[in-house]
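In case you want the letters, here they are:
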Amino acid sequence: MAVLIDGKAISKQIKDELRDKVAELKAQGREVTLAVIQVGNDPASSVYVGNKKKACEYIGIRSLAYEMPEETSEEELLQLIDELNGRADVNGILVQLPLPGQIDEDKVIRRIDPAKDVDGFHPQSVGALCIGQPGFVSCTPAGVIQLLKRSGIEIAGKECVVIGRSNIVGKPMALLLLRENGTVTVAHSRTKDLKEVTKRADILIVAVGKPRMITAEYIKEGAVVIDVGIHRDENNKLCGDVDFETVMPRCSAITPVPGGVGPMTIAMLMNNCVESVL
Ligand code: GUN
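We now turn to the structure provided with this report. (Residues numbered from 1 in each chain as written. Predicted model: local features only at pLDDT ≥ 70, side-chain atom pairs only at ≥ 80, totals over all residues. Heavy atoms only, no water.)

1. Overview of the side chain of Asn-85
- Residue position: Asn-85 is located in helix 3 (residues 74-86).
- The class for Asn-85 is buried, based on a relative accessible area of 18%.
- There is a polar contact of 2.9 Å between the side chain of Asn-85 and the backbone oxygen of Arg-111.
- Apart from residues lying up to four places away in sequence, Asn-85 is in contact with Ile-93, Arg-111, Ile-112, Asp-113 and Lys-116. (Helix = DSSP H or I, 4+ residues; strand = E, 2+ residues; numbered from the N terminus. Buried < 20%, exposed > 50% of the residue type's maximum accessible area, 1.4 Å probe, protein only. Polar contact = N/O pair within 3.5 Å; in protein donor to acceptor, adjacent residues only side chain to side chain. Contact = heavy atoms within 4.5 Å.)

Next up, the structure:
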């Protein structure tokens, strides 16, 4: 029977550790401040931004909210980023994605000072990860590593398969597993015979973006399965990229959706904010 990896409990543990650290910093007269910028009012983005503010409050991080209208120009957003880059009292800057069509996301990400890039999306942060130098790491894959480590799952020497090659999850995930000395394969939509590849995995990380796509026949007996996906199914029930009911009996450990990877992303964002002042 598989062990359930409890992302809610592990994220709480991390947030509590961070709360202690922030209190220590405050006692030394140092404050942590995160600036969160949202352009427009996409409902999903509003929920994410709200959750980020709540996590800041819990930990004792000061959060500055910038809510800009949908029709904001690229220049106006870049000006705000320049201002925040220049402010000594702002440690982290987060621009909630996606942005409205008139704004070039890449240009915006590149404008954020890498020293304040708590999302870990700046090319300099990604490059540093690639060559094993210090820098901010994208929050979701960083959260997956913490789930594995804090569940006592050894990565070194293991066959790790990542399905998905996005800049935010798949690619940094592969680099982080490599940094932990895993043997890493990245599979994607053009991979031939995906099942043959995934069945080699001791640790399978699924970030395909298709509800319940990964069924039992993709899984090696005893594998650890981490599900990065989150969707609403036809009955409005939350589900992941993994068909939990059929996969769970085959694996040694698995993350549920909700309550697996999801809560870890915000915990790691908070971690990056605290690291931005250290
Ligand atoms: N939109 C969805 N996920 C994220 C995230 O992790 N960071 C930012 N900035 N925007 C997002």
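And the narrative resumes.
2. Observations regarding the sheet that holds strand 2 (residues 33-39)
- Across the sheet, which stays open at both edges, the three strands sit in the order 3-2-4 with parallel pairing between neighbours. Lying at the two open borders of the sheet, with one neighbouring strand each, are strand 3 (62-68) and strand 4 (92-95). For this sheet, the mean inter-axis angle between neighbouring strands, taken without regard to orientation, is 15°.
- In terms of strand pairing, strand 2 meets strand 4 through four bridges, oriented parallel. Paired with Ala-35 across the strands is Ile-93, a residue of strand 4.
- Along the sheet, helix 2 (residues 43-59) contacts strand 2, strand 3 and strand 4; its crossing angle with strand 2, the most-contacted strand, is approximately 170°. (Pairing = 2+ DSSP bridges. Axes fitted to C-alpha atoms, helices over the stretch in contact; angles between N-to-C directions.)

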